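In case you want the letters, here they are:
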Amino acid sequence: SPAVFAGTYVEEGEGLMVVLAVGTNTYQGMMVEKMNEDEDGKSVLQTKLDDMTALITRGGAIAGALTVLVLLVRFGMAFWDRSCCKERWDNAIHHLEWLRFFVTGVTIFVVAV
């Protein structure tokens, strides 16, 4: 192979080389520059991870909120039709149901994050 890269050792013999690029003009130099590009002191990888974390957090919050909303609507419709509860509204019983729905939504959010 006619290519010689940085750090190549020659064990014996002689040779001539033509230098094509040095420093930041080499492939390795360009990679180092890309890794050192700063956005508020963060590397490219850190920036992408932060974006992905924000996306997962938003998705978890939306999923949790939708779950609570669906459970509340379902409960309200069943209570309105009297298909779930034959008795009248009882704060001791029915407020606990709402609390369970909220806890379910928070659990979905926490698991997503």
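Residues numbered from 1 in each chain as written. Predicted model: local features only at pLDDT ≥ 70, side-chain atom pairs only at ≥ 80, totals over all residues. Heavy atoms only, no water.

Q: I'm lost on the environment of Leu72 in this one. Help?
A: Within the fold, Leu72 resides in helix H2 (residues 44-81). Judged by relative accessible area, which is 31%, Leu72 ranks as partly exposed. Taking the C-alpha atoms as reference points, Leu72 and Met31, separated by 41 residues in sequence, lie 53 Å from one another. Excluding its chain neighbours within four sequence positions, the residues that come into contact with Leu72 are Trp98 and Phe101. (Helix = DSSP H or I, 4+ residues; strand = E, 2+ residues; numbered from the N terminus. Buried < 20%, exposed > 50% of the residue type's maximum accessible area, 1.4 Å probe, protein only. Contact = heavy atoms within 4.5 Å.)

Q: What is the right way to read the layout of surface pockets from this model?
A: In this approach, a probe sized like a water molecule rolls over the atoms, and the result shows the empty space that is left. In this structure, the largest pocket spans a volume of roughly 540 Å³. In this structure, the largest pocket is lined by 13 residues; those nearest its centre are Val4, Phe5, Ala6, Ala21 and Thr26. Considered class by class, the residues forming the lining of the largest pocket number eleven nonpolar, two polar and no charged. Taken as a whole, the second largest pocket spans an internal volume of roughly 160 Å³. Lining the second largest pocket we find Val4, Thr8, Val10, Glu12, Gly13, Glu14, Gly15, Leu16 and Met17. Across the lining of the second largest pocket, the residue classes tally to four nonpolar, three polar and two charged. (1 Å grid on protein atoms, 1.4 Å probe; cavity = no way out; pocket = protein on both sides within 12 Å on 5 of 7 lines; lining within 4 Å. Points joined across faces, edges and corners; volume = space filled by probe spheres on them. Nonpolar A, V, L, I, M, F, W, Y, C, P; charged D, E, K, R; others polar.)

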